[in-house]
Amino acid sequence: MRKSDFLVIGSGIAGLSFALKVASKGRVILVTKKQDTESNTNYAQGGIAVVLGGEDSFEQHISDTLQTGAGLSRRSAVELMVREGPNRINELVALGVEFSYKYSDGKRVLALGREGGHTRSRIVHRADHTGSEVEKSLIKRCQEHPNIEIEEHSAAVDLLIDPKERPGRCRGATILTPSRELEMIFAPVTFLATGGSGEVYLHTTNPPIATGDGIAIAWRAGARVANLEFMQFHPTAFYQSGLGGGTSFLISEAVRGFGGVLRRRDGTAFMSQYHSMLDLAPRDTVARAIDKEMKASGDDYVYLDVTARPPDEVRERFPSIYKRCLQNGIDITTGWIPVVPAAHYMCGGVVTDLHGRTSIPGLYAAGEVACSGVHGANRLASNSLLEAVVFSHRAAEIAMNKQIKFSDFSKFEDRLPQNVTHASEEELVLISHDRFQIRKLMWDYVGIVRSTLRLERARRRVELIREEIEDLASRSRLTEGVIELRNIALVASLIIRMALHRKESRGLHFTTDYPEMLEKARDTVMRKRV
Ligand code: FAD
Ligand code: SIN
């Protein structure tokens, strides 16, 4: 058992930027379940949406975000994010993040890209690997800070909720340490920054760490969770043959912002049939269009064609995508890229207010795990890194100005599970089998186009697997595999419940049984009774 002033769970942009801010006020323990760089942040390509003047305006970015959010975004959250954006980007630059620049009228200015749903070019980026540049700089700063301790290969299992208080206050979390022991870390402030849930689906752009842990952890503790039916499918992941699933390499939307065109196998461009913004329509529209085209043609993918642009410019703007496609036998300056949609971003999450406070006192959240209200029913491209950095800052401002004090933690002493039995070899094999089953079920039945019949079928099957996993987790020693599977199953089950609850089609949630959008937009908010 240990104590800290702040406990941060996750080492992506949200966790690292929060840690850097609060470290001026106290000691920070930051736990992360793999090596420190492993996060969705590290793989971000397109960049960070921000208004930097010129032809752009705050009003225009706010309007584009609300338009994409399909009536469900919270205006106050969107306004804050957009207006505070430039300051946060300047801070990232001051921390050492090197974005791409260009010369305009002899002046060196940040280069701005264009992505779907944006009516202006406003994406600051570092070529096509913005995320690794941000991640690298933030980790370096955290490692240098004397008040921050980064603990790798340490997975948060559950929150420590004070049973003596009403409502129960979060006092820290139980952690599975690198030596596979359970340890309690107590802190008056716990910051949840565990990122996304793409791994709940068979095909995803997310790395395998994205198992929805934070949502599951917060749910079990009784936090309010919302809008999980809005899983965003990115339209253009590199097609990989076979049924195995896994992480699909992303072909950034910035490629379409650069002039890339989606084509059928016979070469016809098809987006004019779906949206006036053509290939730069919002993501839900483009993903559904590709889904429809694939179903109509029976093809396994469509093509993305950027060959009309000068090869040197393509190579300079997209060095990682160029290299990765070349490794797969495609020179994108002369050939078309086979692309398919893949699960990419969870728009819903743990409900927070405008300062990252969840419904559980002492527990804060920001980044992809949180539902701040910005994204509504569909996220505008490159708004998530911005949202993460803005709301982590706001949470830090509040959290570090609270008086830091410890209460009596002795009542938690006996609360660690006393399970000592190891799962059998056979059970361990079944764990990976169950993980695959759930991800495939979600892909087949809870994907881009849904129906009540499919959702009900998925619900029954996922619940069955979930009961078995809960049983295993309650009687055997926890391993990372069991923890992740339990969380994937819970998040899958919550996505299905929320999707069944929404009797309309809005943004990313499209169901053939309720194809229209209701007049009044409502969040789907649920919590576990504890
Ligand atoms: P993450 O960066 O995912 O970090 C989560 C951290 O929590 C990780 O360190 C993880 O290991 C850790 N963790 C998880 N569970 C536990 C646990 N139980 N215990 C301890 N640690 C845990 N957004 C944009 O705005 N612009 C883009 O260009 C862009 N491109 C993208 C490209 C790809 C391929 C992907 C996958 C996403 C992209 N996104 C983009 C989305 C964006 O990257 C993410 O939404 C954002 O990085 C999330 O940041 P985060 O800090 O919330 O979570
Ligand atoms: C991309 O580069 O297409 C990803 C941008 C995002 O997810 O915001």
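Heads up: these notes are all about the structure in this document.

Cut-offs used in this document
Counting restarts for each chain, with residues numbered from 1 along the sequence as it is written. Chains carry letters and ligands carry numbers; both start at the beginning, A for chains and 1 for ligands, and go up in the order they are written. Selection of residues for local features in this predicted model requires a pLDDT of at least 70, selection of side-chain atom pairs for listing and counting requires 80 or more, and totals for whole chains, interfaces and linings are taken over all residues. By convention in this description, side-chain values take in all heavy atoms of the structure and omit both hydrogens and water. Think of it this way: a Phe, Tyr or Trp ring, Trp meaning its six-membered ring, pairs with another when their centres are within 6.5 Å, and the plane angle makes it stacked under 30 degrees, edge-to-face over 60, tilted otherwise. Note on conventions: DSSP H or I runs of at least 4 residues are helices, E runs of at least 2 residues are strands, and numbering of each starts at the N terminus. When accessible area is computed with a 1.4 Å probe and restricted to protein chains, residues below 20% of their type maximum are described as buried, those above 50% as exposed, and intermediate ones as partly exposed. Two limits define a charge over a ring: the Lys NZ or Arg CZ must be within 6 Å of the ring centre, and within 35 degrees of the ring normal. Strand pairing is assigned whenever DSSP detects at least two bridges linking the two strands. Whenever a helix is involved, its axis is fitted only over the stretch in contact; in every case the axis is a line through C-alpha atoms, and angles between N-to-C directions fall within 0 to 180 degrees. For this classification, under 35 degrees means roughly parallel, over 145 means roughly antiparallel, 65 to 115 means roughly perpendicular, and everything else is oblique. Less than a right angle of anticlockwise turn of the near helix away from the far helix marks a crossing as left-handed, whereas a clockwise turn marks it as right-handed. Between two residues, a contact is recorded if the distance between any of their heavy atoms is within 4.5 Å. Charged residues are taken to be Asp, Glu, Lys and Arg, nonpolar residues to be Ala, Val, Leu, Ile, Met, Phe, Trp, Tyr, Cys and Pro, and polar residues to be all remaining types, Gly included. What is meant by a nonpolar core is a set of buried Ala, Val, Leu, Ile, Met, Phe, Trp, Tyr and Cys residues, joined one to another through side-chain atoms within 4.5 Å.

### So, the packing of aromatic side chains
And then number 1: Under the criterion given, the structure shown has nine aromatic pairs.
And then number 2: Pairing Phe6 with Phe18 gives two aromatic rings, centres 6.5 Å apart and planes at 80 degrees, and the pair type is edge-to-face. Here the residue Phe6 occupies a position in strand β2 (residues 6-9), and Phe18 occupies one in helix α1 (residues 13-22), the gap between them amounting to 12 residues. Neither Phe6 nor Phe18 differs from the other in exposure class; each is buried.
And then number 3: With a centroid separation of 5.4 Å and 80 degrees between ring planes, the pair formed by Tyr301 and Tyr303 is classed as edge-to-face.
And then number 4: Among the aromatic residues, ring-to-ring pairing joins Tyr239, Tyr301, Tyr303 and Trp336 into one connected group.
And then number 5: The ring of Tyr101 is capped by Arg108, whose NZ or CZ atom sits 3.8 Å from the centre of that ring.
And then number 6: One cation-aromatic arrangement involves Arg379 over Tyr345; the distance from NZ or CZ to the ring centre is 4.1 Å.

### Considering the sheet that holds strand β4 (residues 48-49)
And then number 1: Pairing within the open sheet is antiparallel, and its three strands lie in the order β4-β8-β7. The two strands at the open ends of the sheet, each matched to only one other strand, are β4 and β7 (112-113).
And then number 2: Direction of pairing for β4 relative to strand β8 (residues 123-124): antiparallel, over a ladder of two bridges. Bridging from a neighbouring strand, Ala49 pairs with Ile123 of β8.

### So, the packing of helix α12 (residues 452-475) against helix α13 (residues 480-501)
And then number 1: Contact geometry for α12 and α13: axes closest at 9 Å, N-to-C directions at 150 degrees. As judged from the angle between their axes, α12 and α13 are roughly antiparallel. Here α12 runs over α13; the crossing is left-handed. Listed contacts from α13 to Thr452, Leu455, Glu456, Ala458, Arg459, Val462, Glu463, Arg466, Ile469, Glu470, Leu472 and Ala473 of α12 are Val482, Leu485, Arg486, Ala489, Leu490, Ala492, Ser493, Ile496, Ala499 and Leu500.
And then number 2: Of the residues contributing to the contact of α12 with α13, the split by class is 14 nonpolar, two polar and six charged.

### Brief notes about unusual backbone geometry
And then number 1: In this structure, Arg180 is a non-glycine residue whose phi angle is positive, near 65 degrees.
And then number 2: Relative to the assigned elements, Arg180 resides in the loop between β11 (169-176) and β12 (182-186).
And then number 3: Assessed through its relative accessible area of 35%, Arg180 is described here as partly exposed.
And then number 4: Phi angles above zero are rare outside glycine, and Ser382 is one such case at about 60 degrees.
And then number 5: Locating Ser382 in the fold gives a position in the loop between β23 (370-371) and α10 (384-399).

### Side note on the nonpolar core
As a rule of thumb, nonpolar side chains are buried together in soluble globular proteins.
And then number 1: Ranked by size, the top nonpolar core spans 68 residues in total, and within it Tyr201, Ile215, Ile438, Met442, Val446 and Ile495 carry the most contacts.
And then number 2: Broken down by element, this core gets its largest block of residues, 14 residues, from α13.

### Thoughts on the packing of helix α2 (residues 58-68) against helix α3 (residues 75-94)
And then number 1: One way to put it is that α2 packs onto α3 with a least axis distance of 10 Å and a crossing angle of 135 degrees. Classified by the angle between their axes, α2 and α3 sit oblique to one another. Crossing geometry of α2 relative to α3 is assigned as right-handed. Where α2 abuts α3, its residues Phe58, Glu59, His61, Ile62, Thr65 and Leu66 lie against Arg75, Val78, Glu79, Val82, Arg83 and Pro86.
And then number 2: Each residue belonging to the contact of α2 with α3 can be placed in one class, and the counts come to six nonpolar, two polar and four charged.

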